[in-house]
There are 4 protein chains.
Amino acid sequence: MKIGILTSGGDCPGLNSVIRGAVLKGVISHDAEFVGFRWGWRGVVEGDIVPIVRHDVRGLSKQGGTILGSSRTNPFEGEHAGPDNIRRMLDEHDIDAIIAIGGEGTLTAARRLVDEGGLPVIGVPKTIDNDLAATDYSFGFDTAVEIATEAIDRLRTTADSHERCMVLEVMGRHVGWIALHSGMAGGAHAILIPEQPMSIEEICEYVESVRDRGRAPLVVVAEGFKLDTMDEAHSHLGLDAFDRPRLGGIAEKLAPMIEARTGIESRHTVLGHIQRGGAPSAYDRVLATRLGMAAVDAAVDRAWGSMVTLRGTDIERVTIAEATGGLNRVPQARYDEAKILFG
Amino acid sequence: MKIGILTSGGDCPGLNSVIRGAVLKGVISHDAEFVGFRWGWRGVVEGDIVPIVRHDVRGLSKQGGTILGSSRTNPFEGEHAGPDNIRRMLDEHDIDAIIAIGGEGTLTAARRLVDEGGLPVIGVPKTIDNDLAATDYSFGFDTAVEIATEAIDRLRTTADSHERCMVLEVMGRHVGWIALHSGMAGGAHAILIPEQPMSIEEICEYVESVRDRGRAPLVVVAEGFKLDTMDEAHSHLGLDAFDRPRLGGIAEKLAPMIEARTGIESRHTVLGHIQRGGAPSAYDRVLATRLGMAAVDAAVDRAWGSMVTLRGTDIERVTIAEATGGLNRVPQARYDEAKILFG
Amino acid sequence: MKIGILTSGGDCPGLNSVIRGAVLKGVISHDAEFVGFRWGWRGVVEGDIVPIVRHDVRGLSKQGGTILGSSRTNPFEGEHAGPDNIRRMLDEHDIDAIIAIGGEGTLTAARRLVDEGGLPVIGVPKTIDNDLAATDYSFGFDTAVEIATEAIDRLRTTADSHERCMVLEVMGRHVGWIALHSGMAGGAHAILIPEQPMSIEEICEYVESVRDRGRAPLVVVAEGFKLDTMDEAHSHLGLDAFDRPRLGGIAEKLAPMIEARTGIESRHTVLGHIQRGGAPSAYDRVLATRLGMAAVDAAVDRAWGSMVTLRGTDIERVTIAEATGGLNRVPQARYDEAKILFG
Amino acid sequence: MKIGILTSGGDCPGLNSVIRGAVLKGVISHDAEFVGFRWGWRGVVEGDIVPIVRHDVRGLSKQGGTILGSSRTNPFEGEHAGPDNIRRMLDEHDIDAIIAIGGEGTLTAARRLVDEGGLPVIGVPKTIDNDLAATDYSFGFDTAVEIATEAIDRLRTTADSHERCMVLEVMGRHVGWIALHSGMAGGAHAILIPEQPMSIEEICEYVESVRDRGRAPLVVVAEGFKLDTMDEAHSHLGLDAFDRPRLGGIAEKLAPMIEARTGIESRHTVLGHIQRGGAPSAYDRVLATRLGMAAVDAAVDRAWGSMVTLRGTDIERVTIAEATGGLNRVPQARYDEAKILFG
């Protein structure tokens, strides 16, 4: 069996561990051969293919990034795109299966390739934000939470030394998992997530209550958080230019709003790309390795259209459709649990 | 409601996070009061009690160790021990519940206090080795795996630079979870665990196969691993003194045996106590905080004899008996999965 | 002898280590007593004083921030300010010496208090940027470099995975030491520092040369770096709003300029406050502890107006004036050395 | 110019950074060519040579170990050894210079090759223990101190949680620099180094004084430390077998002696090889890179027999003889300074 692997979308610690797990499992247990598609679906569409042998995955478990490169190319867009062209490319290179490692967009495309084109694709969930349904966690998330928590640990000492409010922006466009976990781990006094809009008034109540207990407030905010009274807040502060794209993220907006209302000197930090690069945590290496191995088993079983997933301590299979059917939002109960720690 | 907390047995990153989670949840949601029993069950038996107020748990999430101290005291042994004395002590101090954070021994004692004495005890599982049944993972384990994995990352460069075989001994008296996860994460070439005895011949086959591929072999061994032909190995090498206690652990034994049989220079390292101390990982902080909160809820619900536990992403309740009914051994399937990476 | 300590200016890993070193040395070797002035010079001016006993410095070596708090108060400004008022406050509290831990501003004030008021002040240099003259290094700098280097290590994998140019902004308002060291350590392809203006054309030449070698360019820029053709660059891109303060830092400006000129997708990250908070590195703990000890010796020797300093491996004394007489700029030779690694 | 590089002796974080610095400097500034001798002097003696081009040093700064391999081969021992054979090998391969990166043994051999054979050798000091004279610090030492300090941070929480005495053994066969720095950084209560024998009585006085203050004692001991009353101690405890080699290191001996005399439960940990492998700290990467560059400059200047060295913030040249003329011992003043922190 000859299996092609691709990594697609944003960087995520553990991609190389998936590749290593898949290749070692395939070579050793199934006598499979491997190739890599370069730059995600682009390599599929353009036939940009490199062989991967056992030696290539040496020492790869701890290495961040992806040796195959990544991109946001959509396999349905462009001259050579679409199921028929891809089928032809697979035939030409004698490739029997595609293991597609990616997030919502990648997996949706994978599903269409299976459904509409009958192509032999297996999905591996990849999301730094942990926003994919049908898996307890996805690799990369633990590393991101660890990095964000270390940042909180560092910011706290500065906040305390200056009696300042610190606002840390972490990743999470649609869901607030990184903010929730790092905020709980780091002892944040407010955790602001996309699932739970909050008014600037309420945020400031938490901030002031912390200050009144003699402590320096620390707010963790997911990039996708929205104030529930954004417009009013803007007009109140005369910040009519707030939605201009160049004005930066939510933390940059919140810090001066908090300072203006509470009188507490406030600073923001945007953690940015360092959350999604570099060496994966041990947790993510183990998870990613297991997912890679299970993906090869699924390919050997010709379970096209399935995605490997973590449930409890087990790696299982679901349909890709289950994973892309809806976002993995922070449930109300988890938010309420964390809210105990606010203020 | 007045709740007493104790931490018992060996150190484990996350103990303080449990205490913090419990106190914040109890104070804020249930208007509960808290005391701590000093030095585990010793504080219960001797009435060594300190008040814990909200301020005491400030910044505690990231702090290793336990502010309450720990010991291996058995509440059924000694002059003031036993359910009746403990009942009297609880009455005297108006304490309504005991939250006991500990491992197999602690929880077995807790169960007996409930069963035989009708005492109001809630259990929180604590095991660095991850050897308790009825919970997917326990706090502290992730930190230990992370530390062991970092050690492997470091040892590998030295092994490679000298063409040496390195043998790393990690914790795991009865089960091999730390060895399994850190070995998978770090790319070990053999993972030796108590659940799976192996002969020195087989170990050396892996070591030689690695050497033959031009790499430096790295072996991770849990402290409780036993050679399946230990006696024979001893006699073969004339190492009749091997079971003398002062002669150190399994890694110290294995390294010279590997060197003698393969001719590959071999060195051992025993990671020891650094696996179980210091700041918990973010994963462990979140898990420990949630367990602490859930333990207080269980106390408020008067669910005596229950233990809080992680199932998938949820914190649930089981009976303490379920957790102490048997060891959480590495299942055959998980070992087979890891074995792909051997050699 | 009764010694008062203050920490002034921005947070810096190692402040608590200085305090601990000073208190232990003073208590044990000189039978001295200690108080802390709260919030830097503000505590001096307002007589906001707390006793510090040996027990208070327990475990402080590894703790980031400052237990005394900090501020940017100037001891010459305000109602109760000035040497005479401070002299009165010292007399009132029987304080024999002030150990002032701070940067350029703090030390300049300290020197004036000695010169103009004859006050008993000893200086300890504190600068995250390493911009103080008369000391080889200052504590906090090593930690900042370590954090910036870890960030570079992480960003590189993402850059490589996406064939992107990453621009990392690190601290360094007037001097480029953090950028120089972290850039050398992390393998940056261009290091931009205030001491060495460079044109956007030259930066882009480095970036393109890296791309042409098949690698992803990584640029480290100190916050105080200025393009030597800034105005022209602005007008070229029509970015007339560039100097508006809300528009963010230099990295935010450079990334789109690089992308516009080279066609290489470019992203920026601003490391910000996480560089200056949290646990100090071992190097900084040792240096800070030694400086604290030496400051007490200087106080005992009544060497008012002197500052303790690192020269090679020795802690020595200089006059505060030497340290504040000019910036510790990156010398041309060190920049030329690093420039070998560019491109 | 064609330059051959070798790395010799024990592993040390930063070896690859030296190689990278040398190659980049040589290729870019001097148009030099590079080869590597495999496995230290063995590659020189056996003519085991690999080319090194710019691409080979990509990403090498942060990588632990040495891409050239290392060994303890002596270039004066064996059939093909000695200056004449090496001269012939150099001629055969058109190699103009040898950069020898190593410790006392390596550099002594290098000096003899220059003195006795007129060979073109430049030395780069490499010692994890920091025991070479004529350089303020050597790369690898900072990383080792950092790792030892992290271990102390972890051990402390466990010591505190159990009221135990922890004894940590760190590297340092002849000198105690790692113990001194990590002990100061981690807040050890006794630092035992080869330069300063101490009686078990004195050690126990420190340990008891710590216990009496309500704290858990932590002792850091360099592997080369000797009790000044070793024999007496042995006979006192009846430990006649103490010098049997299999009985392990000094920490393993001290812990039971402390426990026997003080009654405080005592545990030991031997940090071992993890101190000398893995990714170098930023400090070590910068230092190693600069030393590598300077070594190439020295080769271009044909300054045979010189060694590059760190003095303050400058890289300078000394004769190899200066560096090998005596050990870099911890001076009395540095020990006295640290002793303030004991007990």
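Residues numbered from 1 in each chain as written. Chains lettered and ligands numbered in written order. Predicted model: local features only at pLDDT ≥ 70, side-chain atom pairs only at ≥ 80, totals over all residues. Heavy atoms only, no water.

- Taking an unreviewed UniProt entry as the reference, chain A is identified by name as ATP-dependent 6-phosphofructokinase belonging to Agromyces marinus.
- Within the UniProt record for chain A, the comment given under Pathway (unreviewed entry) is "Carbohydrate degradation; glycolysis; D-glyceraldehyde 3-phosphate and glycerone phosphate from D-glucose: step 3/4." (UniProt positions renumbered as here; feature names shortened; annotations may be inferred.)

Focus on the pattern of salt bridges
Turning to step 1, where the next piece is worked out: Summed over the entire model, instances satisfying the criterion amount to 56 salt bridges over all chains.
Turning to step 2, where the next piece is worked out: C:D160 serves as the salt-bridge partner of D:R58, at 3.9 Å between the closest nitrogen and oxygen. On the criterion of chain membership, the pair formed by D:R58 in the loop between β3 (49-52) and α3 (83-92) and C:D160 in helix α5 (residues 141-162) is interchain, its members lying in two chains.
Turning to step 3, where the next piece is worked out: Residue C:R285 is joined to D:D153 by a salt bridge in which the shortest nitrogen-to-oxygen separation is 2.8 Å. Linking C:R285 in helix α10 (residues 282-300) with D:D153 in helix α5 (residues 141-162), this pair reaches from one chain into another.
Turning to step 4, where the next piece is worked out: Within this structure, A:R164, A:E265 and A:R267 form a network of salt bridges that share partners. (Salt bridge = Lys/Arg side-chain N within 4 Å of Asp/Glu carboxyl O. Helix = DSSP H or I, 4+ residues; strand = E, 2+ residues; numbered from the N terminus.)

Focus on a negative patch on the surface
Turning to step 1, where the next piece is worked out: Residues A:D31, A:E33, A:D91, A:E92, A:D94 and A:D96 make up a contiguous surface patch of negative charge.
Turning to step 2, where the next piece is worked out: For A:E92, the position within the fold is in helix α3 (residues 83-92). (Patch = residues over 30% accessible without salt bridge, like charges linked within 9 Å, V, L, I, M, F, W, Y side chains within 5 Å. Areas by Shrake-Rupley, 256 points an atom, 1.4 Å probe, with all protein chains shown as cover. Lys, Arg positive; Asp, Glu negative; His and termini not counted. Charge placed at Lys NZ, Arg CZ, Asp CG, Glu CD.)

What about the interface of chain D and chain C?
Turning to step 1, where the next piece is worked out: Taken residue by residue, the interface counts 42 residues in chain D and 42 residues in chain C.
Turning to step 2, where the next piece is worked out: Summed over both partners, the interface of chain D with chain C buries about 3,700 Å², with 56% contributed by carbon and sulfur atoms.
Turning to step 3, where the next piece is worked out: Together, D:R58, D:V286 and D:I340 form the three largest contributors to the area buried by chain D at its contact with chain C, with a combined 16%.
Turning to step 4, where the next piece is worked out: Here D:E337 ties to C:R290 by a salt bridge, and the two come within 3.0 Å at their closest N and O atoms.
Turning to step 5, where the next piece is worked out: Where chain D packs against chain C, one counts ten residue pairs in polar contact (both at pLDDT 80 or more).
Turning to step 6, where the next piece is worked out: When residues of the side of chain D that touches chain C are assigned to their parent elements, the largest contribution, seven residues, is made by helix α10 (residues 282-300) of chain D.
Turning to step 7, where the next piece is worked out: Here the residues of the side of chain D that touches chain C sort into 13 nonpolar, 13 polar and 16 charged. (Contact = heavy atoms within 4.5 Å. Buried area = accessible area lost by both parts, 1.4 Å probe. Polar contact = N/O pair within 3.5 Å; in protein donor to acceptor, adjacent residues only side chain to side chain. Nonpolar A, V, L, I, M, F, W, Y, C, P; charged D, E, K, R; others polar.)

Concerning the relation of the copies chain B and chain A
Turning to step 1, where the next piece is worked out: For the pair chain B and chain A, the best superposition has an RMSD of 0.0 Å and corresponds to a rotation of 180 degrees with a translation of 0.0 Å parallel to the axis. Such a combination of rotation and displacement between the chain copies is what one expects of a two-fold axis. When C-alpha distances to the rotation axis are compared across chain B, the minimum falls at B:G312, with a value of 1.9 Å.
Turning to step 2, where the next piece is worked out: When the interface residues of chain B are mapped onto chain A, 100% of them are again interface residues, pointing to one common binding face. (Least-squares fit on C-alpha atoms with pLDDT ≥ 70 in both.)

Considering the sheet that holds strand β6 (residues 165-170) of chain A
All names here are of chain A.
Turning to step 1, where the next piece is worked out: Ordered in space as β7-β8-β6-β9, the four strands form an open sheet in which the pairing is parallel. Since the sheet does not close on itself, it has two edges, and those belong to β7 (190-192) and β9 (266-270), each with one partner. Adjacent strand axes in the sheet meet at a mean angle of 20 degrees when their direction is disregarded.
Turning to step 2, where the next piece is worked out: Here β7 pairs with strand β8 (residues 218-222) via three bridges, running parallel. (Pairing = 2+ DSSP bridges. Axes fitted to C-alpha atoms, helices over the stretch in contact; angles between N-to-C directions.)

Here's the deal with unusual backbone geometry
Turning to step 1, where the next piece is worked out: With a phi close to 55 degrees, B:D94 is a non-glycine residue in the positive phi region.
Turning to step 2, where the next piece is worked out: The residue B:D94 is located in the loop between α3 (83-92) and β4 (97-102) in this model.
Turning to step 3, where the next piece is worked out: A relative accessible area of 56% means that B:D94 is categorised as exposed.
Turning to step 4, where the next piece is worked out: The phi angle at C:D31 is positive, at roughly 55 degrees, despite the residue not being glycine.
Turning to step 5, where the next piece is worked out: You can see C:D31 is positioned in the loop between α1 (15-30) and β2 (33-37). (Buried < 20%, exposed > 50% of the residue type's maximum accessible area, 1.4 Å probe, protein only.)

What about the relation of the copies chain D and chain C?
Turning to step 1, where the next piece is worked out: You can overlay chain D on chain C at an RMSD of 0.0 Å; the transform is a turn of 180 degrees with a shift of 0.0 Å along its axis.
Turning to step 2, where the next piece is worked out: Same-surface contact between copies: 100% of interface residues of chain D are shared with the interface of chain C.

Observations concerning the packing of helix α6 (residues 177-186) of chain A against helix α12 (residues 332-339) of chain A
Residue and element names in this part refer to chain A.
Turning to step 1, where the next piece is worked out: At a closest axis distance of 10 Å, the pairing of α6 and α12 adopts a crossing angle of 30 degrees. When the axis of α6 is compared with that of α12, the two are roughly parallel. You can see that α6 and α12 cross each other, and the crossing is left-handed. Counted together, W177, L180, H181 and M184 of α6 and R334, Y335, E337 and A338 of α12 form the full contact between these two elements.
Turning to step 2, where the next piece is worked out: The residue makeup of the contact of α6 with α12, split by class, is five nonpolar, one polar and two charged. (Parallel < 35°, antiparallel > 145°, perpendicular 65-115°, else oblique. Left-handed = near helix turned anticlockwise from the far one by under 90°.)

Comments concerning the sheet that holds strand β7 (residues 190-192) of chain B
All names here are of chain B.
Turning to step 1, where the next piece is worked out: Strand order in the open sheet formed by four strands is β7-β8-β6-β9, and the pairing between neighbours is parallel. The sheet is open, and its two edges are formed by β7 and β9 (266-270), each paired on a single side. Across the sheet, the axes of successive neighbouring strands diverge by a mean angle of 20 degrees, strand direction being ignored.
Turning to step 2, where the next piece is worked out: Examined bridge by bridge, strand β6 (residues 165-170) and strand β8 (residues 218-222) share five bridges and lie parallel to one another. Residue pairing across strands places L168 opposite V220, the latter belonging to β8.
Turning to step 3, where the next piece is worked out: Across the sheet, helix α9 (residues 250-262) touches β6, β7, β8 and β9, and the angle it forms with β9 is around 175 degrees.

What about the interface of chain B and chain A?
It is common to give the size of an interface as the accessible area that goes away when the parts come together.
Turning to step 1, where the next piece is worked out: If you look at the interface, chain B gives 42 residues, while chain A gives 42 residues.
Turning to step 2, where the next piece is worked out: Together chain B and chain A conceal approximately 3,700 Å² of surface at their shared face, both sides included; 56% is due to carbon and sulfur atoms.
Turning to step 3, where the next piece is worked out: For the pair chain B and chain A, the number of links is six salt bridges.
Turning to step 4, where the next piece is worked out: The tally of links between chain B and chain A comes to ten residue pairs in polar contact (both at pLDDT 80 or more).
Turning to step 5, where the next piece is worked out: At seven residues, the largest contribution of residues to the side of chain B that touches chain A is made by helix α10 (residues 282-300) of chain B.
Turning to step 6, where the next piece is worked out: For the side of chain B that touches chain A, the per-class residue count stands at 13 nonpolar, 13 polar and 16 charged.

Regarding the UniProt feature "active site" (unreviewed entry) in chain A
Residues and elements named next belong to chain A.
Turning to step 1, where the next piece is worked out: Feature annotation in UniProt assigns "active site" (unreviewed entry) to the following positions: D129.
Turning to step 2, where the next piece is worked out: Along the chain, D129 falls in the loop between β5 (121-125) and α5 (141-162).
Turning to step 3, where the next piece is worked out: Under the relative-accessibility criterion, D129 is labelled buried at 10%.
Turning to step 4, where the next piece is worked out: What D129 contacts, discounting residues up to four positions off in sequence, is F141, M171, G172, R173, V175, W177 and I178.

A word on the confidence of the model for chain A
Turning to step 1, where the next piece is worked out: In the predicted model, chain A carries a mean pLDDT of 93, and 95% of its residues have values of at least 70.
Turning to step 2, where the next piece is worked out: Scored below 50 in pLDDT, residues 238-246 of chain A shows eleven contacts in the model against residues more than four places distant or in partner chains. (pLDDT = per-residue confidence, 0-100.)

Concerning the UniProt feature "binding site: ATP" (unreviewed entry) in chain A
Turning to step 1, where the next piece is worked out: The feature "binding site: ATP" (unreviewed entry), as annotated in UniProt, sits at A:G10, A:R72, A:T73, A:G103, A:E104, A:G105 and A:T106 in this numbering. The largest pairwise C-alpha distance within this set of annotated residues, which runs over 97 residues, is 13.1 Å, so the set is compact in three dimensions.
Turning to step 2, where the next piece is worked out: In this structure, A:G10 sits in the loop between β1 (2-7) and α1 (15-30).
Turning to step 3, where the next piece is worked out: By relative accessible area, which is 4% here, A:G10 ends up buried.
Turning to step 4, where the next piece is worked out: Setting aside residues no more than four positions away along its own chain, A:G10 makes contact with A:R72, A:K126, A:R276 and C:H162.
Turning to step 5, where the next piece is worked out: Taking relative accessible area as the criterion, A:T106 reaches 7% and is therefore assigned buried.

Some thoughts on the environment of D:D84
Residue and element names in this part refer to chain D.
Turning to step 1, where the next piece is worked out: Among the secondary structure elements, D84 is positioned in helix α3.
Turning to step 2, where the next piece is worked out: Owing to a relative accessible area of 56%, D84 belongs among the exposed residues under this scheme.
Turning to step 3, where the next piece is worked out: Along the backbone, D84 and G117 are 33 residues apart, and their C-alpha atoms lie at a distance of 7.0 Å.

Considering the packing of helix α6 (residues 177-186) of chain C against α10(D)
Turning to step 1, where the next piece is worked out: Remark: α6(C) packs on α10(D), axes separated minimally by 8 Å, with the N-to-C direction vectors making an angle of 80 degrees. Taken as axis vectors, α6(C) and α10(D) run roughly perpendicular relative to one another. Here C:H181, C:M184, C:A185 and C:G186 of α6(C) come into contact with α10(D), specifically with D:A282, D:R285, D:V286, D:T289 and D:R290.
Turning to step 2, where the next piece is worked out: For the contact of α6(C) with α10(D), the class distribution of residues is four nonpolar, three polar and two charged.

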